[in-house]
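# Structural characterization, general
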Amino acid sequence: MKITLSTTRSIEHMPALLVFMEQGAAVEEQLKEQIALYPHIPLLLNEAKMQGKAGSGCAIPLIKGDSLKWLIITGLGERHKAIIPVENYRRALGKAIKLLQQHKIMSAAVYVPDASLFGQTKEYIIKQTAIIACMAAYRFDEYMSNPECKVPQDLTLEFILMPPAEELSKSLKEGMIIGKVVNKVRHWIDLPPAALTPIELADKAKQIADAHHLKITVYDEPEIKAMGMGGLAGVSAGSEQNCKLVILEYQGGGKGAPTLGFVGKGITFDSGGLSLKPAASMETMKDDMSGAAAVIGAMEIIAQLKPAVNVVALVPLSENLPSGTAIKPGDILRFYNGKTAEVRNTDAEGRLILADALSYAVKHYKLDALVDLATLTGACAYALGPFFSGLMSQYPALVERIQLAAESSGDRVWPLPFDNDYKKAIKSEVADICNIGNGKYKAGAITAGFFLSNFVEDVPWAHLDIAGTAFEVPDISYYSSGATGVGVRLLVDLALSWK
Ligand code: BES
Ligand code: ZN
Ligand code: ZN
C-alpha cells in the first residue's frame, strides 16, 4: 500500500476516484469538477439509486473517447446526534476498497471527507483513513496458485483533502504504520499451524526487536521448566515443539514514567489436548495465538510511534496437543508464583500458560497497568458474538481508559460483570484452584477471568477475551474471511493516550 497526500482535486491522472456520500445529501456538489468532464454522472447516479445508505456502494464507469475511469461511491449513512459515527466511515471506506479490488483497479484518488462530519479532528480522520485503507486491502492468498483467485492488495492511493492540509503527513504516516502491522499480525494468525509454531512466532518477535531496538528475552522450554513455570511447560508437554516465553521491552518514558504490561495468549494450535475438541471446534484453532500476535504487533508499532511510556510485552507460546506425554485430567500443575491448579480439562489451557506469564510480569516489573489479550473461552464468543471483545476488570479507572481506547481505535469492547461472587466457581478439592469453573456458576468467560486473577497480585489489571472477535468476523467490510488483528489498534491507542 502506497499513500500520498494531495491538494489538487483533479483526478485525470488516476484510474478511479473514491467518494463518500452522506445519506440523503447531494454528492453533486463534491463532484463538480468531475461532472464538468463527465456530464453523464448525475444520470448514472440516479440509475444506480445511490442514496448514501450505510453499507451501500456503486462503481460508475466514466467514459470519454477510448478512456475508462471509475467513480466509486459508498454510503456513510445518517447522522446520529448531528454527526456520522466514524465506524460508518470505516465501513464505507472498506466497501470502496473492496469495490476497487473487484474491478482489479490498482490505484485511486480518495476524497477524504471533512472531519467535522464525524465531530473529529483532521489528524484523527487521516489516520483512520490510512489504517482502514490498509486493513481493507488485506487478504490471505499466499497459498492460492491461481492468479485469478487473487485481488490487488498493493494499492496506490492519493488522499485528496478539502480544504488542503499538508501538515497531516505525520498522521498519515502513523496510520500507515498501524495498518501495515495490523495486516502483518493477521497474516501470522492466518498462517497454517504447521507454518507458525512457537519457534516461528518467537523468531518474528526477534526480527521486530532487532529492527526497532527493543530489548528481547526468549526463554526456551528447559529454562521455562527450571524457572518453575509448570503451566506453560505442562501445556507444552504433549507437543514435540518446544514452548517459549518471549519478553519484549520498550523504554519510552524517562525516570518515573508509567509502565504498561501487555500479555498475549500464544497457543499456535489448540486441539484441546487429551480433552480433545470435536472436529468442527478445532477447524479454526490456528487462531489461538491471536492475543500473542496482537501484543507483538502492538510493540512493533509502539517502537515506531514512541509514546512517552514504558511497555513490557510477555508472550507465552505453545501448542496444545494430545500424546503419551501430554498432561491429563487430574494432573496438578504448580505455577511460577507457587500456586497450584488441578487440571480437569486440558482444553482450558490458555489460562494455564497465562498464569505463568502474568506471575512473571507482576514479579519482575513495577506495572501501572497490566492488560492481557486471549482467545480464552467459547463462552465469551457466545455471550457477545463477533463484534465486541469481553472486558473483565475490577479497576474502574483502567476500564475507562480501555473503553476510550476501544471507542477511538475501533476495536470495540464490552464489560462483563467481574464480581467476587464468581470466585468460588474455580475452587478445587485437591489444589489451590481448578482450571474449569464449577457448572453451577455457568459464566465460563468470567470464571476463566477469575482463574487469571490469582496471578496478578494487586496490579491494576484487565482481561480481554477475544475468542469471538479474533477470527472470521462477518459483515465488517474492512475485514476479510480470516484474522481480524483485533487488539492491535486498541493496545496502541492505550499506550499513545496514556498520561
Ligand atoms: N481456545 C479455546 C477458546 C476458543 C473457543 C477460542 C472458540 C476461539 C473460539 C480455549 O482454549 C478453550 O478451549 N476453552 C474452553 C474452556 C472450557 C474447557 C472450560 C472452551 O471455551 O470450551
Ligand atoms: Zn483450549
Ligand atoms: Zn485455547
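First, a word on what this report is: a plain description of the structure on this page. Values in this document were obtained by computation on a predicted structure and should not be read as measured data.

## Let's talk about the environment of His364
Secondary-structure assignment places His364 in helix α11 (residues 350–364). His364 sits in the partly exposed class, given a relative accessible area of 39%. Separated by 320 residues in the primary sequence, His364 and Leu44 place their C-alpha atoms 64 Å from one another.

## Quick notes on the pattern of salt bridges
Under the criterion given, the structure shown has 20 salt bridges. Note that Lys32 is salt-bridged to Glu29, the shortest N-O span being 3.0 Å. Classification of Glu29 by relative accessible area gives exposed; the value is 53%. Its salt-bridge partner being Glu87, residue Arg91 comes within 2.8 Å of it at the nearest N-O pair. Taken as a pair, Arg91 and Glu87 lie in helix α3 (residues 86–102) at a separation of four residues, close to a single helical turn. Overall, Arg91 belongs to the partly exposed group, its relative accessible area being 29%. Judged by relative accessible area, Glu87 falls into the buried class, the value being 12%. Each of Glu87, Arg90 and Arg91 takes part in salt bridges that share partners, so that together they form one network.

## With respect to the side chain of Ser359
Within the secondary structure, Ser359 is located in helix α11. Under the relative-accessibility criterion, Ser359 is labelled buried at 2%. In terms of polar contacts, Ser359 uses its side chain to reach the backbone carbonyl oxygen of Ala355, at 2.6 Å. Non-local contacts of Ser359, meaning those with residues more than four positions away in its chain, are made with Tyr336, Asn337 and Phe455.

## What about the coordination of the zinc ion (ligand 2)?
Within the protein, the zinc ion (ligand 2) binds to Asp270 (OD), Asp347 (O), Asp347 (OD) and Glu349 (OE); these donor distances fall in the range 2.0 to 2.2 Å. Taken together, the six donor atoms coordinating the zinc ion (ligand 2) and their angles of 71 to 169 degrees define a geometry best described as irregular. Read N to C, the donor residues that coordinate the zinc ion (ligand 2) are spaced as D-x76-D-x1-E. The metal-metal distance between the zinc ion (ligand 2) and the zinc ion (ligand 3) is 3.2 Å, with Asp270 serving as a donor to both. When its relative accessible area of 1% is taken as the criterion, Glu349 is described as buried.

## Here's the deal with unusual backbone geometry
At Lys81, a position not held by glycine, the phi torsion is positive, near 50 degrees. Looking at the element boundaries, Lys81 is found in the loop between β4 (67–77) and α3. Classification of Lys81 as exposed rests on a relative accessible area of 75%. Positive phi values are uncommon outside glycine, yet Glu457 reaches one of about 50 degrees. Within the secondary structure, Glu457 is located in the loop between α14 (444–452) and β18 (461–465).

## Looking at the nonpolar core
Soluble globular proteins tend to bury their nonpolar side chains together. In this structure, Ile97, Leu100 and Leu157 are the most contacted members of the largest nonpolar core, which totals 108 residues. Those residues in contact with Leu157 that lie beyond four places of it in its chain are Met1, Lys2, Ile3, Thr4, Ile97, Leu100, Ala108, Val110 and Ala133. Counting 49 residues, the second-largest nonpolar core is a separate cluster that includes Val235, Tyr336, Leu354 and Phe451.

## Here we look at the sheet that holds strand β13 (residues 340–342)
Sheet architecture is open: three strands sit in the order β12-β13-β17, paired in mixed fashion. Pairing within the sheet leaves two strands with one partner each, and these edge strands are β12 (332–334) and β17 (433–434).

## A closer look at the coordination of the zinc ion (ligand 3)
Protein-derived ligands of the zinc ion (ligand 3) are Lys265 (NZ), Asp270 (OD), Asp288 (OD) and Glu349 (OE), with the metal-ligand distances lying across 2.0 to 2.4 Å. Read N to C, the donor residues that coordinate the zinc ion (ligand 3) are spaced as K-x4-D-x17-D-x60-E.

## Things to note about helix α4 (residues 122–137)
With 16 residues, α4 ought to run about 22 Å at 1.5 Å a step, and its terminal C-alpha atoms sit 23 Å apart, in line with that. When you tally the buried positions in α4, you get 14 out of 16 residues, the bulk of the element.

## Quick notes on the site of ligand 1
The immediate surroundings of ligand 1 are formed by 15 residues, with Asp270, Lys277, Asp347, Glu349 and Gly378 found nearest. A distance of 3.4 Å is found between a nitrogen atom of ligand 1 and a backbone nitrogen or oxygen belonging to Thr375. Here ligand 1, which alone exposes 520 Å², has 76% of that area covered by the protein. A class-by-class count of the residues in the shell around ligand 1 yields four nonpolar, four polar and seven charged.

## Some remarks on the environment of Ala26
Tracing the chain through its elements places Ala26 in the loop between β2 (16–22) and α1 (32–37). Looking at Ala26, the relative accessible area reads 58%, which means it is exposed. C-alpha of Ala26 to C-alpha of Thr8: the two residues are 18 residues apart in sequence and 22 Å apart in space.

## Notes on the side chain of Thr129
Along the chain, Thr129 falls in helix α4. At 2.9 Å, the side chain of Thr129 forms a polar contact with the side chain of Tyr89. Once you skip the residues sitting within four places of it in the chain, Thr129 turns out to touch Tyr89, Leu93, Val112 and Phe159.

What counts, and at which threshold
- Residues numbered from 1 in each chain as written.
- Chains lettered and ligands numbered in written order.
- Predicted model: local features only at pLDDT ≥ 70, side-chain atom pairs only at ≥ 80, totals over all residues.
- Heavy atoms only, no water.
- Helix = DSSP H or I, 4+ residues; strand = E, 2+ residues; numbered from the N terminus.
- Buried < 20%, exposed > 50% of the residue type's maximum accessible area, 1.4 Å probe, protein only.
- Salt bridge = Lys/Arg side-chain N within 4 Å of Asp/Glu carboxyl O.
- Polar contact = N/O pair within 3.5 Å; in protein donor to acceptor, adjacent residues only side chain to side chain.
- Contact = heavy atoms within 4.5 Å.
- Donors = N, O, S within 2.8 Å, 3.2 Å for Na, K, Ca; no water.
- Tetrahedral: all angles 85-135°; square planar, octahedral: opposite > 155°, others 65-115°.
- Core = buried A, V, L, I, M, F, W, Y, C linked by side-chain atoms within 4.5 Å.
- Pairing = 2+ DSSP bridges.
- Expected span 1.5 Å × (residues − 1).
- Near = heavy atom within 4 Å.
- Areas by Shrake-Rupley, 256 points an atom, 1.4 Å probe, with all protein chains shown as cover.
- Nonpolar A, V, L, I, M, F, W, Y, C, P; charged D, E, K, R; others polar.

Honestly, it's all geometry; don't read function into it.
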